[in-house]
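# Geometric and topological summary
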Amino acid sequence: MAAAGIVEVVGRAERNKRDKRARLIAAARELFRTKGFEQTTTSEIAERADVGKGTLFFHARSKDELLVMVFQEDMGRTINRAFATVPEAPLLDQAMHVLDAMLRQDRQDLELARIFVKELAFVRGDHHGIDAVTDSFFSHMRVLIERAQRRREIKASVDPALLAYNMFALHFSFLVVWLGSGRHAPDPGKPSMRQMLEMQLAGLIKSPVIGRSGARSTRILEVRKWQAPK
């Protein structure tokens, strides 16, 4: 077979592989959303995707790994797009630009978001897809923090990697409280994501910065008081 023919065959095989993977992810997403994670079987996913069970297990060794694939595609894409459009602004606003995008993604599909929060922390098997998403968040957020340090906005003694990790932990704890409540939107009677992040950053400020309004402020953050509902 000529070299061009071999390339064509390999290209067609790769496209077919990607197509089947995409169909499996779409089928798993829909069935997890409508039937729930526990009630969905790999046989149903394979049938919905119109592929054989062998093909399913070639791409994912378990239902858990299919859930990871869905999470990686949905949240991974959201995080990458958010970081690609981060505005020129103080770190708080930049971080909230990303975290708000993540929260909007969860709000668009609450049932799937609840499954992610409940199941992914204890997923069995390959964690590569989860790690790929969180590592992307950590690495991109670390860059924003380092830039804020160079702007003398955040203390130089702050470990950027640790602060990025703490930001993600705050996001996850916020999700647990919100999604566990059964509400369609975060409870306005509880601290907002922005308030939680403001409190995290309050002790890390370095010097005055220029805010979005153009006015010079003696504080980077204005930590608003939160009162528990009576």
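Residues numbered from 1 in each chain as written. Predicted model: local features only at pLDDT ≥ 70, side-chain atom pairs only at ≥ 80, totals over all residues. Heavy atoms only, no water.

### Side note on the overall build of the protein
The test is simple: Secondary structure elements follow DSSP: runs of H or I no shorter than four residues count as helices, runs of E no shorter than two count as strands, and numbering proceeds from the N terminus. Relative accessible area decides the class of each residue, using a 1.4 Å probe on protein chains only: under 20% of the type maximum gives buried, over 50% gives exposed, and in between gives partly exposed. In this description, contact between two residues means that some pair of their heavy atoms is separated by no more than 4.5 Å. Computed by Shrake-Rupley with a 1.4 Å probe, the accessible areas treat only the displayed protein chains as cover when residues are assessed.
When you go through the protein residue by residue, the secondary structure sums to nine helices and two strands. Ordered by position from N to C terminus, the α and β elements of the protein give α-α-α-α-α-α-α-α-α-β-β. Looking at the protein as a whole, 41% of its 230 residues are labelled buried. The contacts of the protein with a sequence gap of at least 6 include a subset with a gap of at least 24, amounting to 69%. For the protein, the exposed surface amounts to about 13100 Å²; the carbon and sulfur share of it is 53%.

### Examining empty space enclosed by the protein
Unfilled space is identified by rolling a water-sized probe across the atoms. In plain terms, the rule: Each cavity reported here is a set of points on a 1 Å grid over the protein atoms alone in which a 1.4 Å probe fits but cannot get out, each pocket an open set with protein on both sides within 12 Å along at least five of seven lines, and each lining residue one with an atom within 4 Å of a point. Grid points are joined across faces, edges and corners, and a volume is the space filled by probe spheres set on the points.
A full pass over the atoms with the stated rule returns one cavity of 30 Å³ or more. By volume, the largest cavity amounts to about 40 Å³. Contributing to the lining of the largest cavity are Asp-74, Met-75, Gln-105, Asp-106, Asp-109, Leu-112, Ala-113 and Phe-116. Among the elements that line the lining of the largest cavity, the one with the most residues is helix α6 (residues 110–119), at three residues.

### Here we look at the environment of Asp-50
Assignment of secondary structure puts Asp-50 in the loop between α2 (42–49) and α3 (53–59). With relative accessibility at 62%, the residue Asp-50 sits in the exposed group. Along the primary structure Asp-50 and Leu-24 are separated by 26 residues, whereas in three dimensions their C-alpha atoms are 8.5 Å apart.

### Here's the deal with the layout of surface pockets
Put simply, the rule is: All amino acids are sorted into three groups, where Ala, Val, Leu, Ile, Met, Phe, Trp, Tyr, Cys and Pro are nonpolar, Asp, Glu, Lys and Arg are charged, and the leftover types, Gly among them, are polar.
Taken as a whole, the largest pocket encloses approximately 410 Å³ of empty space. Lining the largest pocket are 18 residues, with Phe-71, Ile-130, Thr-134, Phe-168 and Phe-172 positioned closest to its centre. Those elements that provide at least two residues to the lining of the largest pocket are α4 (63–84), α5 (91–108), α6, α7 (128–150) and α8 (160–180). Counted by class, the lining of the largest pocket contains 14 nonpolar, two polar and two charged residues.

### Some points on the nonpolar core
Quick reminder of the rule: Residues enter a nonpolar core if they are buried and are Ala, Val, Leu, Ile, Met, Phe, Trp, Tyr or Cys, with the set joined through side-chain atoms within 4.5 Å.
In this structure, Phe-32, Ile-45, Leu-66, Phe-137, Met-141, Met-167 and Leu-197 are the most contacted members of the largest nonpolar core, which totals 63 residues. Those elements giving two or more residues to this core turn out to be α1 (3–35), α2, α4, α5, α6, α7, α8 and α9 (193–201). Apart from residues lying up to four places away in sequence, Leu-66 is in contact with Leu-24, Ala-28, Phe-32, Ile-45, Leu-56 and Ala-60.

### Observations regarding the packing of aromatic side chains
The cut-off we apply is this: Ring pairs are drawn from Phe, Tyr and Trp, using the six-membered ring of Trp, whenever the two centres fall within 6.5 Å, and their geometry is named by plane angle: stacked under 30 degrees, edge-to-face over 60, tilted for the rest. Each ring is checked for a lysine NZ or an arginine CZ that lies within 6 Å of its centre and within 35 degrees of its normal; such an atom marks a charge sitting over the ring.
With the rule as written, the count across this model stands at seven aromatic pairs. Aromatic pair Phe-137 and Phe-138: ring centres 6.2 Å apart, planes at 80 degrees, arrangement edge-to-face. Residue classification places Phe-137 among the buried positions, given a relative accessible area of 0%. Plain terms: the ring middles of Phe-138 and Phe-168 are 5.8 Å apart, the flat faces sit at 75 degrees to each other, and that makes the pair edge-to-face. Linking Phe-138 in helix α7 with Phe-168 in helix α8, this pair joins segments that are 30 residues apart in sequence. Like Phe-168, Phe-138 is buried. Against the face of Phe-37 rests Lys-63, its NZ or CZ located 4.7 Å from the ring centre.

### Observations concerning the packing of α5 against α7
To describe two helices that pack against each other, one gives the angle between their axes and the distance between the axes. Using the following cut-off: All axes are obtained by fitting lines to C-alpha atoms, using only the stretch in contact for helices, and the reported angles, taken between N-to-C directions, cover 0 to 180 degrees. In this scheme, roughly parallel covers angles under 35 degrees and roughly antiparallel covers those over 145, while 65 to 115 is roughly perpendicular and the rest are oblique. Helix crossings get a hand from a simple test, with the near helix turned counterclockwise from the far one by less than a right angle marking a left-handed crossing and a clockwise turn marking a right-handed one.
At a minimum axis separation of 9 Å, α5 and α7 run at an interaxial angle of 160 degrees. Between α5 and α7, the interaxial angle falls into the category roughly antiparallel. Here the hand of the crossing between α5 and α7 comes out right-handed. Contact with α5, carried on its side by Leu-91, Gln-94, Ala-95, Val-98, Leu-99 and Met-102, involves Phe-137, Met-141, Leu-144, Ile-145 and Ala-148 of α7 and no other residues of that element.

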